Amino acid sequence: MSDFKDLVGGRRSHRLYKEEELSEDDVQLILRAALYAPSGHGRRNWQFVVVEDKADLEKLADCKESGAAFLKGAALAVAVLCDPQANECWREDCSIAAVTMQYQAEDLGIGSCWVQIAERYLSDGTPAEQVVRGILDIPEQMRCLCIVGFGKKKLNLLPNEEDALKWENVHLGKF
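About the criteria used
Residues numbered from 1 in each chain as written. Predicted model: local features only at pLDDT ≥ 70, side-chain atom pairs only at ≥ 80, totals over all residues. Heavy atoms only, no water. Pairing = 2+ DSSP bridges. Helix = DSSP H or I, 4+ residues; strand = E, 2+ residues; numbered from the N terminus. Axes fitted to C-alpha atoms, helices over the stretch in contact; angles between N-to-C directions. Contact = heavy atoms within 4.5 Å. Phe/Tyr/Trp six-rings, centres within 6.5 Å; stacked < 30°, edge-to-face > 60°. Buried < 20%, exposed > 50% of the residue type's maximum accessible area, 1.4 Å probe, protein only.

1. Some details on the sheet that holds strand 1 (residues 47–51)
At step 1: In spatial order, the strands read 1-2-4-3; together these four strands make up an open sheet with antiparallel pairing. Looking along the sheet, the strands with just one partner apiece sit at the ends: strand 1 and strand 3 (110–116). When strand polarity is set aside, the average angle formed by the axes of neighbouring strands in this sheet is 20 degrees.
At step 2: Relative to strand 4 (residues 143–152), strand 2 (residues 76–82) is paired through seven bridges, and the arrangement is antiparallel. Note on strand 4: the bridge partner recorded for Val78 is Val148.
At step 3: Each of strand 1, strand 2, strand 3 and strand 4 is contacted by helix 4 (residues 90–107), which is oriented at about 5 degrees to strand 4, the strand it contacts most.
At step 4: Relative to strand 4, helix 5 (residues 128–136) is tilted by about 65 degrees, and along the sheet it contacts strand 1, strand 2 and strand 4.

2. Structural notes on the packing of aromatic side chains
At step 1: Applying the stated rule across the entire model yields three aromatic pairs.
At step 2: On the numbers, 6.3 Å between centres and 55 degrees between planes, the contact of Tyr17 with Phe70 is tilted. Of this pair, Tyr17 sits in the loop between helix 1 (4–10) and helix 2 (24–36) while Phe70 sits in the loop between helix 3 (54–60) and strand 2; the two residues are 53 residues apart in sequence, bridging distant segments of the chain. Exposure class is identical for Tyr17 and Phe70. Each is buried.

Right, here's the structure in full:
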């Protein structure tokens, strides 16, 4: 990307991926971006579970009723976790780290998409977090905000349209 403006405008949610692995260098850069992400009080106490095993990706794809199925085709998924007892800003910190990974992936030409896990359920009422916890052996005190799937883009989606920006949602000085 030539500049951040183009990076932000060009990042789209990609749910279809080529059947290619990501390079070790690209994975390291994506994780490095997460570890550089800002956090409340500089705590940086999020945790990341990196999943490349196809069997586990297929299991994660079924962790909730909708919105996760694309993980079956991802080359990589990263579960973003935190202990809420250690960090009252855990949701915010995890969100920032997840989005930071997505922008780094976009800069590398890698597609990504967020899967919301916290407060999501299977049709029988089972929390998606419980399913994910069982698949990835996540300790009970940890919460999983989301999983971000990554892979080589199968489609070249057009950048977001500048005309679609909702400037009417911006209020100067007062609402």
